[in-house]
Amino acid sequence: MNIAIDGPAGAGKSTIAKRLAKELGFVYVDTGAMYRAMALYVLEQEINASEEEEISAAVEEIDISIRYQDGEQQVFLNGENVNGKIRREEVGNMASAVSVYPKVRRKLTALQQKLAADTDVIMDGRDIGTCVLPGAEVKIYLTASTLARAKRRYDELQAKGESCDLEAIRLDIEERDERDMNRAASPLRQAEDAFLLDSSDKTIEEVVAIIREMAAAKGSFS
Ligand code: DC
């Protein structure tokens, strides 16, 4: 069984997917991390985000792969574990920018489909229900208001002791949504057969419980 969770930045996809993967014994695949690894390469090589040809050529040269250590997904870029380097806002924004290019998407989609081929996965991203795993048994479109998503990100950064500005975060999220939803190549949208779940006023536990029940209805879980 495969579970697809799509939605905009900050909707809680990875938190929810990680919990469910643990509860159901599925493998969690974070596809955003793969786009982030690609973005890290572009940043390190100082390639401009608008250089489609150069970025498409780089796709041919680089190797992105996934391994699991203690159940945690690790992303490797040309053999280097880059998990510690891909969480910065700068990398997330560059990931959104490079993910508009079809060559980037083709390479990472193929890798994601291979991962799901013979394992039960919970995969999160932007195009999982629509393009990567159109046959997934459970499809969720997880969203939340822009303000709720910005507030969560703000609280996260505050907890880490990083200085941040709520309005700047909100604008950043809006800009990312706009690009992810309006690109030509597999834009972020709710698949026709996906269940719309708004987490603005729900706790993590409530959201997990809803998806767990949907999975149970489709398979042999309790
Ligand atoms: O989920 P995230 O913030 O780690 O994703 C970073 C960017 O990568 C996101 O803004 C758009 C892109 N992305 C994508 O285009 N398709 C996916 N399946 C996952 C991420």
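Refer to the structure above for everything that follows.
The following paragraphs examine the structure supplied in this document. Treat the numbers as computed from the prediction; the structure is a model and nothing was measured.

On to the pairing of strand β7 (residues 138–143). Burial runs high along β7: six of the six residues are buried. Judged by which residues are buried, β7 turns out to be covered on both faces: Val 138, Ile 140 and Leu 142 on one side and Lys 139, Tyr 141 and Thr 143 on the other are all buried. Judged from the four bridges that link them, strand β1 (residues 2–6) and β7 form a sheet pairing that is parallel. Among the inter-strand pairings, Asp 6 is bridged to a residue of β7, identified as Tyr 141.

A separate point is the sheet that holds strand β8 (residues 195–198). The strands making up a sheet associate through hydrogen bonds between their backbones, and the pairing can be parallel or antiparallel. Strand order in the open sheet made by the five strands is β2-β6-β1-β7-β8, with parallel pairing throughout. The outermost strands of the open sheet, each flanked by one partner alone, are β2 (27–30) and β8. Across this sheet, the average inter-strand angle for adjacent strands is 20 degrees, counted without regard to direction. Where β7 lies against β8, four bridges are found, and the strand directions are parallel. Bridging across to β8, Thr 143 finds its partner in Asp 198. Each of β2 and β6 (121–125) touches helix α2 (residues 31–44); the most contacted strand, β2, lies at about 40 degrees to it.

To continue, consider the sheet that holds strand β4 (residues 72–77). Strand order in the open sheet formed by three strands is β3-β4-β5, and the pairing between neighbours is antiparallel. Only two strands of the sheet have a single neighbouring strand rather than two, namely β3 (64–69) and β5 (80–81). Relative to β5, β4 is paired through two bridges, and the arrangement is antiparallel. Across the sheet, the residue bridging to Leu 77 is Glu 80, located in β5. Along the sheet face, α2 touches β3 and β4 and points at about 30 degrees away from the line of β4.

Applying the stated criterion across every chain, the model contains zero aromatic pairs. In this structure, Arg 67 packs its charged tip against the face of Phe 76, placed 3.8 Å from the ring centre.

This part is about the side chain of Asn 2. Secondary-structure assignment places Asn 2 in strand β1. Looking at Asn 2, its side chain comes within polar contact range of the main-chain nitrogen of Val 121, at 3.2 Å. Once residues within four sequence positions are removed from consideration, Asn 2 is found in contact with Ala 116, Thr 119, Asp 120, Val 121, Leu 133, Ala 136, Glu 137 and Val 138.

Neighbouring the ligand are 15 residues, the closest being Arg 36, Arg 105, Arg 176, Asp 180 and Arg 183. Measuring from an oxygen atom of the ligand, one finds a side-chain N or O atom of Asp 180 at 2.8 Å. Taking Arg 183, its side chain carries an N or O atom lying 2.8 Å from an oxygen atom of the ligand. For the ligand, whose accessible area on its own is 450 Å², the fraction buried by protein is 94%. For the shell around the ligand, the elements supplying multiple residues, two or more each, are α2, α4 (89–98) and α8 (166–182). When residues in the shell around the ligand are grouped by element, the largest group, four residues, is from α2. By residue class, the composition of the shell around the ligand is three nonpolar, five polar and seven charged.

For the rest of this paragraph, the subject is the packing of helix α1 (residues 13–24) against helix α9 (residues 204–218). The N-to-C vectors of α1 and α9 enclose an angle of 50 degrees; their axes lie 10 Å apart at closest approach. Here α1 is positioned oblique relative to α9, judged by the angle of their axes. The hand of the α1/α9 crossing is right-handed. For the pair α1 and α9, the contacting residues are Thr 15, Ile 16, Arg 19, Leu 20, Glu 23 and Leu 24 in the first and Ile 204, Glu 205, Val 207, Val 208, Ile 211, Arg 212 and Ala 215 in the second. Class assignment of the residues belonging to the contact of α1 with α9 gives a composition of eight nonpolar, one polar and four charged.

Here is what the cut-offs are and how they apply
- Residues numbered from 1 in each chain as written.
- Predicted model: local features only at pLDDT ≥ 70, side-chain atom pairs only at ≥ 80, totals over all residues.
- Heavy atoms only, no water.
- Buried < 20%, exposed > 50% of the residue type's maximum accessible area, 1.4 Å probe, protein only.
- Helix = DSSP H or I, 4+ residues; strand = E, 2+ residues; numbered from the N terminus.
- Pairing = 2+ DSSP bridges.
- Axes fitted to C-alpha atoms, helices over the stretch in contact; angles between N-to-C directions.
- Contact = heavy atoms within 4.5 Å.
- Phe/Tyr/Trp six-rings, centres within 6.5 Å; stacked < 30°, edge-to-face > 60°.
- Lys NZ or Arg CZ within 6 Å of the ring centre and 35° of its normal.
- Polar contact = N/O pair within 3.5 Å; in protein donor to acceptor, adjacent residues only side chain to side chain.
- Near = heavy atom within 4 Å.
- Areas by Shrake-Rupley, 256 points an atom, 1.4 Å probe, with all protein chains shown as cover.
- Nonpolar A, V, L, I, M, F, W, Y, C, P; charged D, E, K, R; others polar.
- Parallel < 35°, antiparallel > 145°, perpendicular 65-115°, else oblique.
- Left-handed = near helix turned anticlockwise from the far one by under 90°.

Geometry only, nothing functional implied.
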